[in-house]
Every structure is written in C-alpha cells, then in structure tokens.
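Summary of structural features
The primary structure of each chain is shown beneath.
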Amino acid sequence: MKHIEKNLKDIIEKINIAKEKAGRNDEVLLVGVTKTFPVAVIEDSISLNILDVGENKAQEFKEKYDIIKNRVNWHFIGHLQKNKVKYVVGKVKLIHSVDSFELAKEISNKAQKLDLIQDILLEVNISGEESKFGLNKEAVVPLLKEISLLPGIKVKGLMTMAPNSRDHEYVRSIFRKLRELRDEIVILDIANISMEYLSMGMSQDYELAILEGANVIRVGSSLYGNR
Ligand SMILES: *Cc1c(COP(=O)(O)O)cnc(C)c1O
C-alpha cells in the first residue's frame, strides 16, 4: 500500500507536468491496470481513490468482479474472444479493445439481451508492428460506419498501444497519428459515434501520450510494481 501511494503521487505529478507542457487543463483519467495482481491491490487502489481499474483477461476479470463488484469502474483492455463476451458486457464501463465487426456484433447482442448499451473503444494498431491485435488505420472508418448501426453498442473513442521502443520521437509519432485519426473521425460526424476518449499511454510512455492528447492512460507496473 505504501509503495502504491508513493508511486501514485509521482504519477499524478508527472501527469500534471505533461499536461502543463501540452497546455492542457482537461481531465486525464488514470486507469490502474491490476492484471496479475491480487484483489487486495484493488482494495488498496480504492483506498487511494483510484476508482478506475483495468483487466486484460476475461476469466481473471470475472473472479475479481465477483468480489469487488461495482465498487470500481472496470475497464477491459485485453484481447476479447467472442465466447468470453458474456463475462464482460454490462459489468465494465468501457471495453478498450474492440477490433472486428464480429466482436462488436457479439457485444451488441449480449448488451441487447441485458437491455443496456455497452460503451467501447476501437483498438487501432497504428504502427502495424508488434501487436497482432488492433485494426489497421485504414479499416477504422469503414468499421465505425458499420458499428454505428448496432443497437447495443456505443463507440466512445479510440485506443492504441505503442511499440515497446526507447525512441521517444517514434513512440510520440504513433500517439500523434491516433490523435489525428480521432480528429478526422470527429469531422465525419458519424451518427451514434462519439470520440470522447483517447486511450493511449502505459507505464513507459504515458507522458508522451498526454503530450499528444491522451485523456485515458492505462498504468500498471509503475503504479503497482513489477509483475
Ligand atoms: C498491461 C497493459 C497495460 C499496462 O502496462 P504497464 O506497462 O504495466 O503499465 C496497459 N494497456 C494494456 C492493453 C495492457 O495489456
């Protein structure tokens, strides 16, 4: 708990410095990524007022959700298989990692059964390297148009993961490209689509992401310790 508290203080300071550098005074939502950590770490997070928590595996999420319930806002950030959708829909504030129409349709169907609307982000693989998940940049707008017709889902923005690189300019250019894509989509003004969230930046690169406009950052190891 003590180490989390100290790390949190450092992170908040760095967030504020990055925001200032970027001339921003809007909110940046810190999602504490608790994957692989025990439920006690989520309890610690709640005590420290970190009320947005991210998990990347459906099974692990389910086990933790059964204990913590809705005392936090859950974020599902990992690759989601269609047969695991039922564990997640209606329980999480945001699914960050939708990257196909089939997955979106499954989510929409499940949400409709539960009589709710599930908020999601589209995951974009900007760099075209490293991750095998995420959409090609060119596929995003056509998919948005399709998804906008699904009744049980609402797209609220975009997510990306930067390649694990020490080259800050390169990493920053990835984040910049996602922001530019977001801006292009805003202009298209597609019905039922909002571009409220730009989810980018993890422990190694959240300051760069904030410089490029991230308003959701997903931070695990630099907050909770090494996994
Ligand atoms: C694990 C994970 C994070 C957090 O990574 P850290 O390097 O521990 O901060 C963020 N986003 C996604 C999608 C992840 O899987």
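See the structure above.
Structure report, in brief.

Okay, the site of the ligand next. Surrounding the ligand, one finds Val33, Lys35, Ile77, Met161, Met202, Ser203, Arg218, Val219, Gly220, Ser221 and Arg227. Residue Gly220 places a main-chain N or O atom 2.8 Å away from an oxygen atom belonging to the ligand. A distance of 2.8 Å separates an oxygen atom of the ligand from a polar backbone atom of Ser221. Alone, the ligand offers 380 Å² of accessible surface; in the complex the protein occludes 92% of this. Taken together, the residues of the shell around the ligand sort by class into five nonpolar, three polar and three charged.

Moving on: the pattern of salt bridges. Pairs may arise between side chains of opposite charge once their charged atoms sit close together. Taken as a whole, this structure holds 13 salt bridges when the rule is applied. Of the charged contacts, one joins Lys2 and Glu5 as a salt bridge, the two residues approaching to 3.4 Å between their closest N and O atoms. Note that Lys2 and Glu5 are positioned in helix α1 (residues 2-21) at a spacing of three residues, about one turn of the helix. You can call Glu5 partly exposed: its relative accessible area is 36%. The partner of Asp119 in a salt bridge is Lys156, and the shortest N-O contact between them spans 3.8 Å.

Now for helix α4 (residues 101-113). Its 13 residues give α4 an end-to-end C-alpha distance of 18 Å, which sits within 8% of 18 Å, the value for a rise of 1.5 Å per residue. Buried residues of α4: Leu103, Ala104, Ile107, Ser108 and Ala111, and no others. Down the axis of α4, the smallest arc covering the buried residues is 135°, so these residues share one side. Buried residues belonging to α4 abut β4 (94-98), β5 (118-123), α5 (140-147) and β6 (153-159). Phi turns positive, to about 60°, at Asp115, one or two residues after α4.

On to the environment of Lys84, then. Tracing the backbone through its elements, the reader meets Lys84 in the loop between β3 (73-76) and β4. The class of Lys84 is partly exposed, set by a relative accessible area of 26%. Once the C-alpha coordinates of Lys84 and Glu106 are considered, the two residues, 22 residues apart in sequence, prove to be 9.9 Å apart.

Moving on to the packing of aromatic side chains. Scanning the model with the defined rule gives four aromatic pairs in all. Aromatic side chains Phe37 and Tyr224 sit 5.7 Å apart centroid to centroid with 50° between the ring planes, which places their arrangement in the tilted category. Of the two residues, Phe37 is situated in the loop between β1 (29-33) and α2 (39-47) and Tyr224 in helix α8 (residues 221-224); the sequence distance between them amounts to 187 residues. Seen from their ring centres, Tyr65 and Trp74 are 6.2 Å apart, and the 55° between their planes marks the pair as tilted. Judged by relative accessible area, which is 1%, Trp74 ranks as buried. Put simply, the rings of Phe61, Tyr65 and Trp74 touch in pairs and so form one group of aromatic residues.

For Asp189, which is not glycine, the phi torsion reads 50° and is therefore positive. For Asp189, the position within the fold is in the loop between α6 (168-188) and β7 (193-199). Classification of Asp189 by relative accessible area gives exposed; the value is 65%. Backbone geometry places Asn192, a non-glycine residue, at a positive phi of 70°. The residue Asn192 is located in the loop between α6 and β7 in this model. Owing to a relative accessible area of 34%, Asn192 belongs among the partly exposed residues under this scheme.

Let us look at the side chain of Ser45. Tracing the backbone through its elements, the reader meets Ser45 in helix α2. Those residues in contact with Ser45 that sit more than four places away from it in its chain are Thr34, Ile50 and Tyr224.

Parameters at a glance
- Residues numbered from 1 in each chain as written.
- Predicted model: local features only at pLDDT ≥ 70, side-chain atom pairs only at ≥ 80, totals over all residues.
- Heavy atoms only, no water.
- Near = heavy atom within 4 Å.
- Polar contact = N/O pair within 3.5 Å; in protein donor to acceptor, adjacent residues only side chain to side chain.
- Areas by Shrake-Rupley, 256 points an atom, 1.4 Å probe, with all protein chains shown as cover.
- Nonpolar A, V, L, I, M, F, W, Y, C, P; charged D, E, K, R; others polar.
- Salt bridge = Lys/Arg side-chain N within 4 Å of Asp/Glu carboxyl O.
- Helix = DSSP H or I, 4+ residues; strand = E, 2+ residues; numbered from the N terminus.
- Buried < 20%, exposed > 50% of the residue type's maximum accessible area, 1.4 Å probe, protein only.
- Expected span 1.5 Å × (residues − 1).
- Arc of directions from axis to C-beta.
- Contact = heavy atoms within 4.5 Å.
- Phe/Tyr/Trp six-rings, centres within 6.5 Å; stacked < 30°, edge-to-face > 60°.

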